[in-house]
Amino acid sequence: MENKVFLNLFTSEFIVGMALPAGFNFWEFKNSKEEPLNDTLKTLKIWIDYKENDWAMKSCRLAKTQYIAYLHLIDLDSFKIIINDLALIYKKEYPYSETSNFIECIFGNTLCDLKQFIQNKYLCYGAQLGINNRIYFTKDGREFIDFILEPNLDIEYYKQYYKRVIEVIENFEYSNTAPTRKIIKIETIKHDLDNLREQGTPLKLSDLITDKNSIEIVESIKIQYKNIKGKRLKLLLLALQGL
């Protein structure tokens, strides 16, 4: 963790900053399976084609576009766990660090981008393009930045959400960082299984899960991971240790 994290954790960015070469068709590529473009790339294709070819977009072609960003939403409770886990890693690397060190290194750029995002003024496109995603763009100096939103959400939704994200980051109590999950060692699981064998208890996974929906959980695991074998099965067991 020698360098500062220079990414905004809430965006995936397609860096542009140039016009497409004459006659170049970015969408002619096919992968080895010849699969069609997914929804993300379809939306990007429609937007780029519109920016490059519609007369109304003449002043904001790709040559004047810094990047096109997909905006992400992370459940705030899950995000708090992510911050906690990142803090544990950072604190192990830098045992004498303080809150300001951690936030600046990990979230400095994210906070800067989110605060700027909230302040920006935007123009909206999307509905007229026949897609569910609203697309907003803003001007940064002489260039443009485009934002593609989740289907059926608008810019105000993201502004309010990012305000909450900023609050979570800035109010994080670094000094109270603690593991968020109880880790159960393989030896402990083996010991419990041996005890069950001695008692003649059926060795079913649902008997080891304390949740009231243990049977449903096991059935879901069977369906989702029915083809896992060997070492992959062992990795799955390790992943389930925290249940």
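Residues numbered from 1 in each chain as written. Predicted model: local features only at pLDDT ≥ 70, side-chain atom pairs only at ≥ 80, totals over all residues. Heavy atoms only, no water.

Trainee: Is there a simple way to think about the sheet that holds strand β5 (residues 143-148) in this case?
Mentor: By definition, the strands of a sheet pair up through backbone hydrogen bonds, in either a parallel or an antiparallel sense. Taken in spatial order, the five strands line up as β1-β2-β5-β4-β3 in an open sheet, and their pairing is mixed. Unpaired on one side and paired on the other, β1 (11-15) and β3 (123-125) mark the two borders of the sheet. For this sheet, the mean angle separating the axes of adjacent strands, direction not counted, is 25°. Relative to strand β2 (residues 65-71), β1 runs antiparallel, the two being bridged by five bridges. Its bridge partner lying in β2, Ser 12 is registered against Tyr 70. (Pairing = 2+ DSSP bridges. Helix = DSSP H or I, 4+ residues; strand = E, 2+ residues; numbered from the N terminus. Axes fitted to C-alpha atoms, helices over the stretch in contact; angles between N-to-C directions.)

Trainee: Explain the pairing of β5 here, please?
Mentor: Each regular strand displays side chains that alternate between the two surfaces of the sheet. β5 sits mainly inside the fold: five of its six residues count as buried. Connecting the antiparallel pair strand β4 (residues 135-140) and β5 is a turn made up of two residues, with Gly 141 showing a positive phi of about 70°. (Buried < 20%, exposed > 50% of the residue type's maximum accessible area, 1.4 Å probe, protein only.)

Trainee: What exactly am I supposed to notice about the packing of aromatic side chains here?
Mentor: Counted under the stated rule, the structure contains 21 aromatic pairs. Seen from their ring centres, Phe 117 and Tyr 122 are 5.3 Å apart, and the 45° between their planes marks the pair as tilted. With relative accessibility at 4%, the residue Phe 117 sits in the buried group. Under the relative-accessibility criterion, Tyr 122 is labelled buried at 16%. Above the plane of the ring of Phe 137 lies Lys 51, whose end atom (NZ or CZ) is 5.9 Å from the centre. Geometry around Tyr 174 places Lys 91 over its ring, the cationic atom sitting 4.6 Å from the centre. (Phe/Tyr/Trp six-rings, centres within 6.5 Å; stacked < 30°, edge-to-face > 60°. Lys NZ or Arg CZ within 6 Å of the ring centre and 35° of its normal.)

Trainee: Can you walk me through the packing of helix α2 (residues 76-93) against helix α3 (residues 99-119) in this structure?
Mentor: Between two packed helices, the angle of one axis relative to the other and the distance separating the axes together describe the packing. Relative to each other, α2 and α3 sit at 115°, their axes nearing to 11 Å. Of the two elements, α2 crosses α3, and the hand of that crossing is right-handed. Along the contact surface, α2 presents Phe 79, Ile 83, Leu 86, Ala 87 and Tyr 90, while α3 presents Asn 101, Phe 102, Cys 105, Ile 106 and Phe 107. (Left-handed = near helix turned anticlockwise from the far one by under 90°. Contact = heavy atoms within 4.5 Å.)

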